[in-house]
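Coordinates in review
Listed below are the residues making up each chain.
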Amino acid sequence: MSEKTTLFINGHILTMDEKNRIAGSVLVENKRIIQVWDEFDPRNTINLDKDSKIIDLNKKTLLPGFIDTHNHILMYGLLRKQVDCSSPSNNSISDILSRIKAKASEMKESEWILGYGYDDTLLIDNRHPTKEDLDLVAPKNPVFITHISGHLAVANSLALRYAGISNSTPQPDAGHFGKDEQDKLNGVLYEPGAMGPVQQLIPEYTLEDMVAALENASQEYLAQGITTNTDAAVTNIQQLEAHLIAAKTRKNPMRTQLMIMHNLLRKNEIYGDYSPSQLNLEIQQRSGNLAKLDSAKMFQDGSIQGLTGALREPYHQESHTYGELIHKQRDFQEEVLDLHQRGFRITTHGNGDRAIGSILDAYGYALEKVPKSGHNHRIEHVQTATTEDIQRMKEMNVAGSFFINHVYYWGDRHEKIFLGPKRARRISPLAEAKDHELLFTLHSDCPVTPISPLFSVWAAVNRKTREGKILGPEQRIDVITALKAMTIYGAKLIFDEENTGSIEVGKKADFVVLDKDPLIIDPQYIKDIQVESTFIDGEIVYNKEESVR
């Protein structure tokens, strides 16, 4: 055998194969699995070289490495440089302003102050900060703080003035400017159309900053057992370069899937003349075969908690508010058709059921014009999909990546504020997705919620809210299905099931070791299971014991 041989023994190995086999030991050679045994220690039946490694799992649980199919790792890494405006770190707007004021005292005049993560529904003020609030503590610095959803932000007067936004500025197409009772700007910016004019003025991070951010963030992901990860919105060429460099230099050792924003893929744009296969080949070559093209990314609505998710029926406490579609349907369908016929897999953000219906109409339009099987176009988040939406997704071979963490973090407020009891109880309808044999995965949408595959599994199995309520118990799924949604289903979603997602002969040796078996313990404690170690290509990339020394 090769000197690059590792034998894992005495394990409780959840293979995630079609038969849900539980094994005891596994042999890895040259980065691939070459044998899986039921017995705990097969050394009496095989010949190992003296240089072979033996890893004794001591009856701990070994699974395929987790696959998170939707998050924003680069954004997460860069947020560390910004002011933390999140809750419960901040209980009030006053708390946020104190942090902004402290930051302003360190800055020169006219330097940008950025903040992230505020949630108006968790603040005791029960409202958004305004430009007047920010002006009080940083009148000489442009200030821009983003909402936890990422779909809205607040800017102070100086930032708005720099962007040329005034009370007379027409409302943008994809979003809107917040107004007070006197119909004057209050500084709240909804969706890209409103945020964009300010964001484009903010100094960009350097390539070195981005690579360092990916290096630091990837260590946290590895500590959660993630071996394959998807950045769900690469918005410019510099972000793509950062991903390729971080992968090539192994500063980010995870396998990386990249959703590239659709506008970069239009003809005559940066990557518009590439076919998907050409672009993917370049990404693979320049990343040392660690990164791949996942899809062309689009948005068709915003956030339920930001009241910009597009609903068929109005919001529970806002009877005249339905949310907004980002694109006009005809334009949206033509953009989808162009990407589809050029061979791109398309991924579209859809929280509200009206947006989900719009996305399915656009996919249906493209598939009618250019029929294609195995496309696996995707809908992201799928928060308020109806039974009919799930059925259409299955019929059209459209996969779903569900933002299941929503149930815990916003479920109570969806029930009381945003959606009302009936619609809230069926957010992220996983049981229906399973019953209809829909291909689906779970995701964190980090930094919107913390990165943790085991938390997502826990949320899918228990559907418990912050206040301890079981929200829509009929939409709970069993533990093995939830685990598969973070492993083999993820591999299928990214067209990599021949290599990853389960522990079977011939597949890559990407593993996570847990201190407890999620199939055995009380399901309510799944989120508390500890990741002991993480392996990629059979090599250890995270060890809990070393991290706590």
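Residues numbered from 1 in each chain as written. Predicted model: local features only at pLDDT ≥ 70, side-chain atom pairs only at ≥ 80, totals over all residues. Heavy atoms only, no water.

**Considering helix 11 (residues 387-395)**
Structural remark: α-helix, 3.6 residues per turn; residues separated by three or four positions point the same way. For helix 11, the set of buried residues is Asp-389, Ile-390 and Met-393. All buried residues of helix 11 project into a common sector of 100° when viewed along the axis, lining one side. Turned more than 90 degrees away from the buried face of helix 11, the exposed residues are Glu-388 and Glu-395. Looking at the buried positions of helix 11, the neighbouring elements they touch are helix 10 (353-369), strand 19 (378-381), strand 20 (399-402) and helix 14 (430-435). (Buried < 20%, exposed > 50% of the residue type's maximum accessible area, 1.4 Å probe, protein only. Helix = DSSP H or I, 4+ residues; strand = E, 2+ residues; numbered from the N terminus. Arc of directions from axis to C-beta. Contact = heavy atoms within 4.5 Å.)

**Focus on the environment of Trp-458**
For Trp-458, the position within the fold is in helix 15 (residues 453-462). Residue Trp-458 is classed as buried on the basis of its relative accessible area, which comes to 2%. In the structure, Trp-458 is positioned 70 residues away from Asp-528 in sequence and 9.1 Å away in space, judged by C-alpha atoms.

**A few points about the sheet that holds strand 15 (residues 226-234)**
The strand order across the open sheet built from eight strands is 8-15-16-17-18-19-20-21, with neighbouring strands paired in parallel fashion. Every interior strand has two partners, whereas the edge strands, strand 8 (66-71) and strand 21 (440-442), have only one. On average, adjacent strands in this sheet sit at an angle of 25° to one another, irrespective of strand direction. By the bridge criterion, five bridges tie strand 15 to strand 16 (residues 255-261) in an arrangement that is parallel. Across the sheet, the residue bridging to Asp-231 is Leu-258, located in strand 16. Against the sheet, helix 9 (residues 329-341) contacts strand 17 (291-299) and strand 18 (346-350), and its axis sits at roughly 160° relative to strand 17. (Pairing = 2+ DSSP bridges. Axes fitted to C-alpha atoms, helices over the stretch in contact; angles between N-to-C directions.)

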